[in-house]
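Single-letter residue listing:
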Amino acid sequence: MEIRDCQMFIELATSQHFGKAANACHLSPSAISRQLQRLETEIGKRLVERDNREVRLTPAGRHFLEYAYQTVQAWQQLRRDLSDDPQTVSGELSVYGSVTASFSLLSEILPVLRARYPGVELKLRTGDQADGLERVLTNQEDCAIAAQPAVLPQALAFLALQQSPLYLIAPTMNCALSQRIDEYLVDETQLAWSSLPVILAEHGLARERFLNRLKQVNAHPPIYAQVAGHEAVVAMVSLGFGVAVVPELVIKHSPRQETIRILPWLDDLEPFRIGLCARQERLADPLLQAFWSSAQVAFAD
C-alpha cells in the first residue's frame, strides 16, 4: 500500500464518483477502479459498494477512510519536518464552503496567503454551508467556511471573520404573492402568515432561526419547498414561489439580486457570524496555521 492509494481513496470517498476522483488524481476512471481493486485485495475487504451512479462506503471502507486521512496527514507532516528550510510551509489544505461564502471570504484571504505562504495550495470543495461543521468533524475536510452555531461542538475551533444579518425576502416579479405583500406594505399591517408560502433550507441556522421566530409569533405558514443551500432558496423566491430568510451575504453575491426584495418584517433576527472552523487538535498543523493566520490578517480591523 502506498500514500497515493490513501490519497486516491480519500478523493473517491469524498466525491463518491469515479470520474470526479479520476480528474482530481489525474488518472482515468478505469485506472482508479484498478487501483481500488488492488487495495481491496490487499486489505481483504470490500471498501465500497458501487453502481453506475454513485459510490457508497462499506463499514470497512469507513474504517479505512479514517486510516487514510491519518496516514496522509502524517506523511505531509513528515515532509514538512524534514524540509531543508523549516520556515517553508508547503502542501495542500482542503477547505469546504458554499460558493457564496467561499468567494466572499477567499477573495480576501487568498492574496494574503499567497504572499506569505506561496507553497500552500487550497483544495476547495463547495456545497451547502450547513454541512461544513460535520465534514470537519468527520475529517472529510481540514477546514470549513461556515456560520457559527449557537453551541459549537467542543472538538471544533471557530474563527469569526464577518457578520451577516438575516433578512426576509420576497420576489419583485408581478405575481399573486407580490400583490398580497404589497397590500400589507400599503396598509402597514403585519403579514398574514397563513396565506404566505415559505421556502426553507433543508437544514442550517437560517432555517432554525426562521422557524423559531415563526413559533414565537404563533405563525403557521404553508411550506412550499425545502431546498439545499441558500443560493437555491433565493432562486425559488425569485420565481415567486414564496418568501424566505437568508443571510445578507447571499443576497449581495446572488446573480438574482435584482429579482428579490428585502421585506421590513423579521428584521431583528440574530445575524450570522461567518468564519473558519477546524478541529482543535489540528490547529498546530503548519498548513492550517498558515491559512488561519492569513485569514486573521486579511480581516483585521
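Up top you'll find the structure we're talking about.
> Would you explain the packing of aromatic side chains in this entry?
Here a ring pair, both rings aromatic, is described through the centre-centre distance and the interplanar angle of the planes. Evaluated as defined, the whole model comprises 4 aromatic pairs. Ring centres of Phe-64 and Tyr-67 lie 5.7 Å apart, and the angle between their planes is 35°; this geometry places the pair in the tilted category. Within this pair, Phe-64 and its partner Tyr-67 are both found in helix H4 (residues 59–81), separated by 3 residues, close to a single helical turn. With a relative accessible area of 7%, Phe-64 lands in the buried category. Overall, the relative accessible area of 40% leaves Tyr-67 in the partly exposed class. Ring geometry for Tyr-224 and Phe-241: centres 4.9 Å apart, planes at 10°, overall stacked. Taken together, the positions of Tyr-224 in strand S9 (residues 223–227) and Phe-241 in the loop between helix H9 (230–238) and strand S10 (244–247) put the pair 17 residues apart, joining distant regions of the chain.

> When you look at unusual backbone geometry in this model, what are you seeing that I'm missing?
One non-glycine residue, His-26, lies in positive phi territory at about 60°. In this structure, His-26 sits in the loop between helix H2 (18–25) and helix H3 (29–43).

> Is there a simple way to think about the sheet that holds strand S11 (residues 260–262) in this case?
In sheet architecture, strand pairing relies on hydrogen bonds along the backbone and comes in two forms, parallel and antiparallel. Spatially, 3 strands are ordered S10-S7-S11 in an open sheet, and the strand pairing comes out antiparallel. Each of the sheet's edge strands pairs with one partner strand only, and the pair in question is S10 and S11. Neighbour-to-neighbour, the strand axes of this sheet turn through a mean angle of 45°, independent of strand direction. In the sheet, strand S7 (residues 166–171) pairs with S10 via 4 bridges, with the strands oriented antiparallel. Bridging from a neighbouring strand, Leu-166 pairs with Pro-247 of S10. Helix H7 (residues 176–187) rests against S7 and S11 of the sheet, and its axis sits at about 20° to S11. The sheet contacts of H9 involve S7, S10 and S11, and relative to S10 the element is tilted by about 135°.

Conventions we followed
Residues numbered from 1 in each chain as written. Predicted model: local features only at pLDDT ≥ 70, side-chain atom pairs only at ≥ 80, totals over all residues. Heavy atoms only, no water. Phe/Tyr/Trp six-rings, centres within 6.5 Å; stacked < 30°, edge-to-face > 60°. Helix = DSSP H or I, 4+ residues; strand = E, 2+ residues; numbered from the N terminus. Buried < 20%, exposed > 50% of the residue type's maximum accessible area, 1.4 Å probe, protein only. Pairing = 2+ DSSP bridges. Axes fitted to C-alpha atoms, helices over the stretch in contact; angles between N-to-C directions. Contact = heavy atoms within 4.5 Å.

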